[in-house]
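Structure at a glance
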Amino acid sequence: MSKPADLVQGTLDMLILKILALQPLNGWAISQRLKQISSDVLGVSDGSLYPALHKLEHRGWIRSQWKSSENNRRAKLYVLTPLGRKHLEKETANWSRISAAITGIVQLKEA
Amino acid sequence: MHLEEWLYSLPLRLRSFFRPNQVDEEMKEELREHLEEQIAENIAKGMSPDHARRSALLALGGLAQVEQQCRDVHGRSMVRDFVQDLRYGFRQLHRSPGFSALAVLCLTLGIGTNAVVFSWVEGILFRPYPMVAHQERLFAVAGMVPGMRIDLLSWPDFLDLRRDCTLCQDAFVTSISSSTLNVGDHAEVTTGSIVSANYFDALGVHPVLGRGFEPSEDVGNNSQAVVVISYQMWRDRFKGDPQIIGKTQRLNNVLHTVIGVAPEGFYGTFVGRAMQFWVPVSMLKTFRNGGYVLEDRGARWIESYVRLKPGVTRAQAQQQISAIAARLQNDYPATNRQRGIAIWPLWQTPFNQARIVGPTLEVMVIVVAFVLLIACANVGNLLLVRSLVRVREMAVRLATGASRGRLLQQLLTEGLILSALGTAGGLLAAYWCRHLLVMLLHDGRELYLPGEIDWRVMAASAGICLMVTLIVGMVPAFQTRNLDVAGPLKAAGSVVGGRSTGWIRSGLVISQVCLSFILLVGAALLLESLQRIRNTSPGFSTTNVAVTGASLVAAGYDIPRAKVFYDELLHRLTGLPGIESVAYGRITPLGYGDFSSTPIAVDGFQASPNEQPVVEYNQVGPGYFTTLGIPLFSGREFARADDENAPLVAIVNRTMVMRYWGGQDPVGRRLQVKGHWVRIVGVVADSKYESVAEISRPFFYVPLRQDFDPEPDLYIRTNQPFESITSTVLREVDALDPNLALYQTITLQEQVNRAAAPQLVAVTLVSTLGGLALLLAAVGLYGVMSYSVAQSTRELGLRMALGADATNLLRLVISRALRLTTGGVVCGTVAALLLTRLLGQLLYKVSPHDPLVFGSALAVMAITALSASLLPAWRASRTDPARVLRD
């Protein structure tokens, strides 16, 4: 399957959406940003990035367009759609709620 | 998946479906791009190019795998999912065979009735002529006389039209004719067409043996005795003789050379009949009793068609043809004064059976749409019940990670299975019902009105199938919309689906009741008008009168011989035991023949400047009015002495007296008919001439002898049983000339019944479908009521425990059923009030808003609703409170 085993389902999607919310990027740039942001902790392999991108595109959360880059090569640029932005907001809220709850539980056990 | 997501993904999915290579290329390019960036970075880090490449591939985790994963996203998985859903759906249907059978049956009914009616519309109205190409460009041509219905064309008019109509690719003539065909030692009557020589070329139909006609065969009087025979005739009568071309065949006693055999499946161009032979117009005299009239512009006998050039609209062609007609009026005022020429699309062809079944089929299209909707509502209801049962299954699938989109896909697939089975069944039913119309219209003559199941009917049925899939798939999907994953799993066996589903189910039942109520009203209206038609007096006595005739022209009689023959026959029959009176008439009222018509002039009557009064008339012999029982108001009947040597006379009807003589007795005055003055000798009562439903109109009669026709009908008033009269007439005709064939002998009553055939067909079809719809609605109501009773056993038990008795519960359930029915009937009444106008010309002397009809439909609906809810109500009243509450 396309999902990395150690990544909570949906997390990769959320990260991609978050990255694209800042600016439209191509696949390579997204992979670089992922590594940068998560400091390699999440271990997103480049191989799982592209199926995830295509899936998001099929769900209408992101859109792609071919642009020629500065060195005159074609690059596929991904852009967040309004639908994607809505989804991102919902997921972010969800995530904060769940992570807060889990953090609470984890701390409770240690105390 | 939400609708919005579908909107986004659909173009992508379509693209990956139709342009898979391009999508694949782009995906590879994107990955290549990534690899190159990675390699460049690796090299910048100091790796060797080789190492950099390997490392980049490694980081990607295998190029091929990633590509495959992307392809999965692109929708390859959709096909896989679909197959999986299909298997699963079939298993589900197999698991509850009763439900599946009922659902498929409902849909078969709904889709089947549509397919049947489509196939009729296609095969009878839109593309009635098998093997003829581009029928949408064929138009029927007929003359128009102001203030009168359509008229036919004459040959010279037709030739001018064909020459001058530049927007027409072609124009051809066909005129139906019957012929006595002598094969071996016996003679039989068969039907064929007199056609212009370009007939087969214009239709694009090519004989399988021999040739079609050549232009020279249009010319002359009986000069070209050639015939093209039908494939059927070639196979049956000539045993498929391969050497048939050049052999001769006697038709109407004239030897014809067979020059061609039409292809199998070509039936000519007359809706309602399968033609057996075609002869050129030059053989007119042999096949029509009007004689040779190819040079007579006033002799109108032609049914013709034009084929418009591609891209030409009906309006453009009509404009040009009207201009041609105007020129003809100008050039030939004697014959063409005030005559227009009009064209009609094939389904409105004014001179064949299309005219009779057309209005019925138009109504049927609406009726079957209703039946389909009712069937859908029923199946939707069934699926809804089942989806309530399957709510646990759905919850499990959601909990284990299925998206709602997948569930919807699954439900739609199950809907597709049902509707595809229904469509298959429906098309099969349509195939069986192709010839049903002929059976219903059965009028004693060979009718040929087949339904046609071509790709258009198939496509329409497939479209309906998809629509049904959406409807029946969406109903349960609507229900899973608010499905809570935890609920159904927690409380195993409890029933889910609160008020919202109850609301959908009630809505479905109300719409079913509404639709079937409309159909009930329609059926009742048609039934009522059929009743009124049956009870309307045609103005002549229909009992104890037999009608027959002999084919003298076919036997080679000329006019003097025919006159002698008819005199002798009359003489022999008069006075025979059981025969009260005998008379001849050219056209039988309410029959199929066309009355003659003429411009008239009346002393003292001033027509408005632009209107030339034209009146229809019939040629009848002495004793006609006595024999048919038409009352004579003043003057006298025609006598034997009113013959070709006597002064011209006429008898007029009452409406004509009112219109042209202001109600004053016109006996003794004169009337101008076809330019000759004739003396009026009598006034008779109005009667029906062409249809029972017509309103009174001016009409007159002239003596048969003074406007002779060699093949009049013979009327015999008798007090004997019908069969004995038939044999008496046969015996007498045989004694006069053993070579003569008699036409079928029928009673005048039967003739009148045949005139009501369109109404009869409409009544039969609409009431059958109305009954079906009622049954479906009853099943729906029963389903909803039993389900809600089964659902509320706890409540019912509680009520009983608290002191409600069986009657209370009975009333509770029935009143709920009646509430639903009332809702449906109210909607149905409003809709019916708006819709019944569409029945238009099928209704006779019945208001489309007849309160009695609405009342009886209401009664039927109420009884049906009561009976449908009785069993569930009874079950409710038998609720055992102790057991229910314990459970």
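No experiment lies behind these values; they were computed from the predicted model shown. (Residues numbered from 1 in each chain as written. Chains lettered and ligands numbered in written order. Predicted model: local features only at pLDDT ≥ 70, side-chain atom pairs only at ≥ 80, totals over all residues. Heavy atoms only, no water.)

Right, let's talk about the overall build of chain A for a bit. Within chain A, the secondary structure is distributed over four helices and three strands. Along chain A, from the amino end to the carboxyl end, the secondary structure elements read α-β-α-α-β-β-α. A burial count over chain A gives 41% of its 111 residues as buried. Within chain A, contacts between residues at least 6 apart in sequence are counted, and of these 48% link residues at least 24 apart. (Helix = DSSP H or I, 4+ residues; strand = E, 2+ residues; numbered from the N terminus. Buried < 20%, exposed > 50% of the residue type's maximum accessible area, 1.4 Å probe, protein only. Contact = heavy atoms within 4.5 Å.)

With that settled, the discussion passes to unusual backbone geometry. All names here are of chain B. For N544, which is not a glycine, the phi torsion comes out positive at approximately 65°. Position of N544 among the secondary structure elements: in the loop between helix 18 (499–535) and strand 12 (545–548). Exposure remark for N544: the relative accessible area of 47% places this residue in the partly exposed category.

Further remarks concern the interface of chain B and chain A. Put simply, an interface is often sized by how much accessible area is lost when its parts join up. At the junction of the two partners, chain B supplies 25 residues and chain A supplies 28 residues. Three residues stand out in chain B for area buried against chain A, namely Y8, E30 and H34 of chain B, and they jointly supply 24% of the buried area on that side. Counting every contact that joins chain B to chain A gives one salt bridge. Across the pair E30 of chain B and K76 of chain A runs a salt bridge whose closest N-O atoms are separated by 3.7 Å. Listing elements by their share of the side of chain B that touches chain A, those giving two or more residues are helix 1 (3–18), helix 2 (20–44), helix 3 (49–60) and helix 4 (63–95) of chain B. By residue number, the principal contributor to the side of chain B that touches chain A is helix 2 of chain B, which donates 11 residues. (Buried area = accessible area lost by both parts, 1.4 Å probe. Salt bridge = Lys/Arg side-chain N within 4 Å of Asp/Glu carboxyl O.)

All right, on to the pairing of strand 19 (residues 676–684) of chain B then. Residue and element names in this part refer to chain B. Strand direction decides the pairing type here: strand 16 (residues 632–635) and strand 19, joined by three bridges, are antiparallel. Bridge pairing in strand 19 links L632 to V684. When strand 17 (residues 649–653) meets strand 19, the two strands line up parallel, connected through five bridges. Each residue of the ladder has a partner; that of I651, found in strand 19, is G682. One ladder, built from four bridges, connects strand 18 (residues 670–673) with strand 19; its direction is antiparallel. Looking at the pairing, Q672 lines up with W677 of strand 19. Between the antiparallel neighbours strand 18 and strand 19 lie two residues, among them K674 with a positive phi of about 50°. (Pairing = 2+ DSSP bridges.)

Glancing now at the state of the cysteines. All names here are of chain B. Inspection of every chain in the model, using the stated rule, returns one disulfide over all chains. Here C165 pairs with C168 through a disulfide, and the sulfurs are 2.1 Å apart. Torsion about the S-S bond of the C165 and C168 cystine: about 60°, corresponding to right-handed handedness. We note that C165, like C168, is buried. A disulfide-free cysteine, C106 has its sulfur positioned 9.8 Å from the sulfur of C376, the nearest such atom. (Disulfide = S-S within 2.5 Å.)

Another point: the sheet that holds strand 1 (residues 25–26) of chain A. With antiparallel pairing, the three strands of this open sheet are ordered in space as 1-3-2 (chain A). Edge strands, defined here as strands with exactly one partner in the open sheet, are strand 1 and strand 2 (62–68) of chain A. One ladder, built from seven bridges, connects strand 2 of chain A with strand 3 (residues 74–80) of chain A; its direction is antiparallel. The partner of R63 of chain A across the bridge, within strand 3 of chain A, is V79 of chain A. Most of the contacts of helix 1 (residues 11–22) of chain A go to strand 3 of chain A, to which it runs at about 100°, and overall it touches strand 1, strand 2 and strand 3 of chain A. The strands touched by helix 2 of chain B are strand 2 and strand 3 of chain A; relative to strand 3 of chain A, the strand with the most contacts, the crossing angle is about 100°. (Axes fitted to C-alpha atoms, helices over the stretch in contact; angles between N-to-C directions.)

A separate point is the confidence of the model for chain A. When pLDDT is low, close inspection of the predicted coordinates is not appropriate. Residues and elements named next belong to chain A. Per-residue confidence for chain A gives a mean pLDDT of 80, with 79% of residues at or over 70. Mean pLDDT across the secondary structure elements of chain A bottoms out at helix 2 (residues 27–38), with 83, and peaks at strand 1, with 88. Residue range residues 1–6 is modelled with pLDDT below 50. Its contacts to residues more than four positions away, or to other chains, number seven contacts. (pLDDT = per-residue confidence, 0-100.)

Before going further, it helps to examine a nonpolar patch on the surface. Residues and elements named next belong to chain B. The grouping of W6, L10, L14, F17 and F18 at the surface amounts to a nonpolar patch, some 540 Å² of accessible area in total. With respect to the helices and strands, the residue L10 is situated in helix 1. Taking relative accessible area as the criterion, L10 reaches 41% and is therefore assigned partly exposed. (Patch = residues over 30% accessible without salt bridge, like charges linked within 9 Å, V, L, I, M, F, W, Y side chains within 5 Å. Areas by Shrake-Rupley, 256 points an atom, 1.4 Å probe, with all protein chains shown as cover.)

Okay, the pairing of strand 8 (residues 254–261) of chain B next. Residues and elements named next belong to chain B. Looking at chain direction, strand 5 (residues 209–210) and strand 8 are connected through two bridges and run antiparallel. In the strand pairing of strand 8, L209 is matched with V261. Inspection of the sheet shows strand 6 (residues 226–229) paired to strand 8 by four bridges, in the parallel sense. Counted as the bridge partner of V227 is V258 from strand 8. Of the pairings in the sheet, the one linking strand 7 (residues 248–251) to strand 8 comprises four bridges and is antiparallel in character. Considered in strand 8, the bridge of R250 is made with L255.

Right, let's talk about helix 26 (residues 806–835) of chain B for a bit. If you check helix 26 of chain B, its first and last C-alpha atoms are 42 Å apart, about what 30 residues at 1.5 Å a residue would give, namely 44 Å. Every buried residue of helix 26 of chain B is accounted for by L809, V813, I814, A817, L820, T821, G824, V825, G828, A831 and A832 of chain B. (Expected span 1.5 Å × (residues − 1).)

Residue and element names in this part refer to chain B. Here T655 shows up in helix 21 (residues 654–661). The exposure class of T655 is buried, given its relative accessible area of 13%. At a separation of 2.4 Å, a polar atom in the side chain of T655 contacts the side chain of D686. Not counting chain neighbours up to four residues away, the residues in contact with T655 comprise D686, S696, R697 and P698. (Polar contact = N/O pair within 3.5 Å; in protein donor to acceptor, adjacent residues only side chain to side chain.)

Now for the nonpolar core. As a rule of thumb, soluble globular proteins bury nonpolar side chains together. Residue and element names in this part refer to chain B. Within the largest apolar cluster, 147 residues are counted, with the highest numbers of intra-cluster contacts made by F213, F266, W278, L418, Y624, I630 and Y701. The leading source of residues in this core is helix 12 (residues 354–389), at 15 residues. Among all residues touching I630, those that are not within four sequence positions of it are G539, F540, Y624, F625, V684, A685, S687 and Y701. One finds I194, A317, I324 and I341 within the second-largest nonpolar core, a separate group that totals 41 residues. (Core = buried A, V, L, I, M, F, W, Y, C linked by side-chain atoms within 4.5 Å.)

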